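Here are the chains, one letter per residue:
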Amino acid sequence: VVCAVRLKGFVEQQGLAGYDPNLDVLLVTEGKLQSVAELQQAALQCTVSNPAVLPAPCFPDGSCCSIVHVVSCEEEFQQQQLDLLWRMPSESLTAALAPLFQKYLVCGPVKVTNPSSPIGADQYLQLRKRQMYEASVMKYGELAQDEAWTEVIDTLTAAAVRFEMLSTAHRSQITLDLQDSSISTKGTKSGAFVMYNCARLATLFDTFQRAVERGTYPPLPPPSELNFSCLREEGEWLLLFNYLLPFPEVLQQAAHLPAPTKGIRITANTEAVCKFLIQLSMDFSSYYNRVHVLG
């Protein structure tokens, strides 16, 4: 222990809101000082590489934010201690580096169902990788067993796990079913299903572009010159009005990180993006199976 500091008085003196009322005396260790130094170095690098980042933009409620801590609910109390310890010497720092505007994106706990034994993150990732491999073999046969597919399987697995995590509101508990087979491309609730339809679209655009180069099709005109009267199918209008037009707004709402109060917590609606992509994939898949797009 290097020293002891009283946090409650500092919180009241600074007029800070939203901190745990049980924050009081903090025993400062070398480890905590090392963490503060790392945070300060990260803020310095951010400012040097992108001077426009600080001073921070302001939220609609008047509060500002230059640092977002992504922290588990179990570690929020310790992170708040570190946050306050970081604020204390800020008066001696330049205004550009003073970490005065901080918010917390608190993530809920992770619960695992049907575990045969205790499982950690590494074991969970290996399980999902094996399921992704088995799903790929079922879909593509011997092709998926080629060594060149190893990197592809790794990338697909990481993306599927991210999608699985982001599909739940970050404040809520994530329940992982180890026996869940929805990692298959036929499971319409999974990231694998979204990626499969993304690959469909990529193949479609690539085929179209090569046909344009051969002179089979004219190139696509700019959006301002599109003739929307060419849309005849109900599914085409559905894709346009339900997905293409609202997509920028969905992204903006999810990434805006709204600050509903002057407290320290914020939210990010990643689950809204995942739900949007799943619905898009389902409607596009239905359209793709009915309509032959390229003649």
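Cut-offs applied
- Residues numbered from 1 in each chain as written.
- Predicted model: local features only at pLDDT ≥ 70, side-chain atom pairs only at ≥ 80, totals over all residues.
- Heavy atoms only, no water.
- pLDDT = per-residue confidence, 0-100.
- Contact = heavy atoms within 4.5 Å.
- Helix = DSSP H or I, 4+ residues; strand = E, 2+ residues; numbered from the N terminus.
- Salt bridge = Lys/Arg side-chain N within 4 Å of Asp/Glu carboxyl O.
- Buried < 20%, exposed > 50% of the residue type's maximum accessible area, 1.4 Å probe, protein only.
- Core = buried A, V, L, I, M, F, W, Y, C linked by side-chain atoms within 4.5 Å.
- Phe/Tyr/Trp six-rings, centres within 6.5 Å; stacked < 30°, edge-to-face > 60°.
- Axes fitted to C-alpha atoms, helices over the stretch in contact; angles between N-to-C directions.
- Parallel < 35°, antiparallel > 145°, perpendicular 65-115°, else oblique.
- Left-handed = near helix turned anticlockwise from the far one by under 90°.
- Nonpolar A, V, L, I, M, F, W, Y, C, P; charged D, E, K, R; others polar.
- Patch = residues over 30% accessible without salt bridge, like charges linked within 9 Å, V, L, I, M, F, W, Y side chains within 5 Å.
- Areas by Shrake-Rupley, 256 points an atom, 1.4 Å probe, with all protein chains shown as cover.
- 1 Å grid on protein atoms, 1.4 Å probe; cavity = no way out; pocket = protein on both sides within 12 Å on 5 of 7 lines; lining within 4 Å.
- Points joined across faces, edges and corners; volume = space filled by probe spheres on them.

- The name an unreviewed UniProt entry gives the protein chain is DALR anticodon-binding domain-containing protein 3, with Nestor notabilis as the organism.

### Focus on the confidence of the model for the protein chain
Alright, step 1. Looking at the protein chain as a whole, the pLDDT averages 81, with 82% of positions reaching at least 70.
Alright, step 2. Note on residues 53-57: pLDDT under 50 across the span, and nine contacts to partners over four residues away in sequence or across chains.
Alright, step 3. Below pLDDT 50 for its whole length, residues 92-99 participates in 14 contacts with residues either more than four positions away or in separate chains.

### Some thoughts on the environment of Arg 171
Alright, step 1. With respect to the helices and strands, the residue Arg 171 is situated in the loop between α5 (149-166) and β6 (174-177).
Alright, step 2. Sequence spacing of Arg 171 and Cys 107 is 64 residues, and the spatial spacing of their C-alpha atoms is 5.1 Å.
Alright, step 3. Ignoring any residue separated from it by four or fewer positions in sequence, one finds Arg 171 in contact with Val 106, Gly 108 and Thr 267.

### Remarks on the pattern of salt bridges
Alright, step 1. Summed over the entire model, instances satisfying the criterion amount to six salt bridges.
Alright, step 2. Asp 24 serves as the salt-bridge partner of Arg 6, at 2.9 Å between the closest nitrogen and oxygen. Of this pair, Arg 6 sits in strand β1 (residues 3-6) while Asp 24 sits in the loop between α1 (7-14) and β2 (25-28), placing them 18 residues apart in sequence.
Alright, step 3. The exposure class of Asp 24 is partly exposed, given its relative accessible area of 28%.
Alright, step 4. Among the salt bridges present, the one from Glu 164 reaches Arg 128, with a minimum N-O distance of 3.0 Å. Highlighted residues: Glu 164 in helix α5 and Arg 128 in helix α4 (residues 121-140), separated in sequence by 36 residues.

### Re the nonpolar core
Alright, step 1. If you look at the biggest cluster of nonpolar residues, it comprises 19 residues, and the most contacted ones within it are Leu 7, Leu 26 and Leu 84.
Alright, step 2. Considering each element in turn, this core owes the most residues, four residues, to helix α3 (residues 76-87).
Alright, step 3. Each residue touching Leu 7, except ones within four places of it in the same chain, is listed here: Leu 23, Asp 24, Leu 26, Gln 81, Leu 84 and Met 88.

### A short note on the side chain of Ser 281
Alright, step 1. When you line up the elements, Ser 281 lands in helix α9 (residues 270-290).
Alright, step 2. For Ser 281, a relative accessible area of 5% corresponds to the buried category.
Alright, step 3. In contact with Ser 281, other than residues within four places in its own chain, are Phe 193, Val 194 and Asn 197.

### Here we look at the packing of aromatic side chains
Alright, step 1. Throughout the structure, instances matching the rule amount to five aromatic pairs.
Alright, step 2. With a centroid separation of 5.7 Å and an interplanar angle of 15 degrees, the aromatic rings of Trp 237 and Phe 241 are classed as stacked. With Trp 237 and Phe 241 both in helix α7 (residues 234-244) and four residues apart, this pair spans about one turn of that helix.
Alright, step 3. According to the relative accessible area criterion, Trp 237 is partly exposed, its value standing at 31%.
Alright, step 4. Classification of Phe 241 by relative accessible area gives partly exposed; the value is 48%.
Alright, step 5. Summarising the aromatic geometry, the rings of Phe 247 and Phe 276 are spaced 5.4 Å apart at their centres and angled 25 degrees between planes, so their arrangement reads as stacked. Taken as a pair, Phe 247 in helix α8 (residues 247-255) and Phe 276 in helix α9 lie far apart in primary sequence, 29 residues in all.
Alright, step 6. What makes Phe 276 buried here is its relative accessible area of 10%.
Alright, step 7. Aromatic rings pair up to connect Tyr 243, Phe 247 and Phe 276 into one cluster.

### Examining the packing of α8 against α9
Alright, step 1. The interhelical angle for the contact between α8 and α9, taken along N-to-C directions, is 155 degrees, at an axis separation of 8 Å. Taken together, the axes of α8 and α9 lie roughly antiparallel to each other. Crossing hand, α8 versus α9: left-handed. Every residue of α9 that contacts α8 at Phe 247, Val 250, Leu 251 and Ala 254 is listed here: Ala 272, Val 273 and Phe 276.
Alright, step 2. Here the contact of α8 with α9 is composed, by residue class, of seven nonpolar, no polar and no charged.

### Details of a nonpolar patch on the surface
Alright, step 1. Taken together, Leu 226, Phe 228, Trp 237, Phe 241, Leu 244 and Leu 245 make up a surface patch of nonpolar side chains, about 600 Å² in accessible area.
Alright, step 2. Judged by relative accessible area, Leu 244 falls into the exposed class, the value being 60%.

### A word on the environment of Gln 209
Alright, step 1. Looking at the secondary structure, you find Gln 209 in helix α6 (residues 191-214).
Alright, step 2. With 11 residues separating them in the primary sequence, Gln 209 and Leu 220 have C-alpha atoms 9.4 Å apart.

### So, the layout of surface pockets
Alright, step 1. Of the voids in this model, the largest pocket is the one considered here, and its volume is about 1800 Å³.
Alright, step 2. Along the walls of the largest pocket sit 45 residues, with Leu 201, Leu 204, Phe 205, Leu 220 and Leu 244 positioned nearest its centre.
Alright, step 3. Residues that form the lining of the largest pocket fall into these classes: 36 nonpolar, six polar and three charged.

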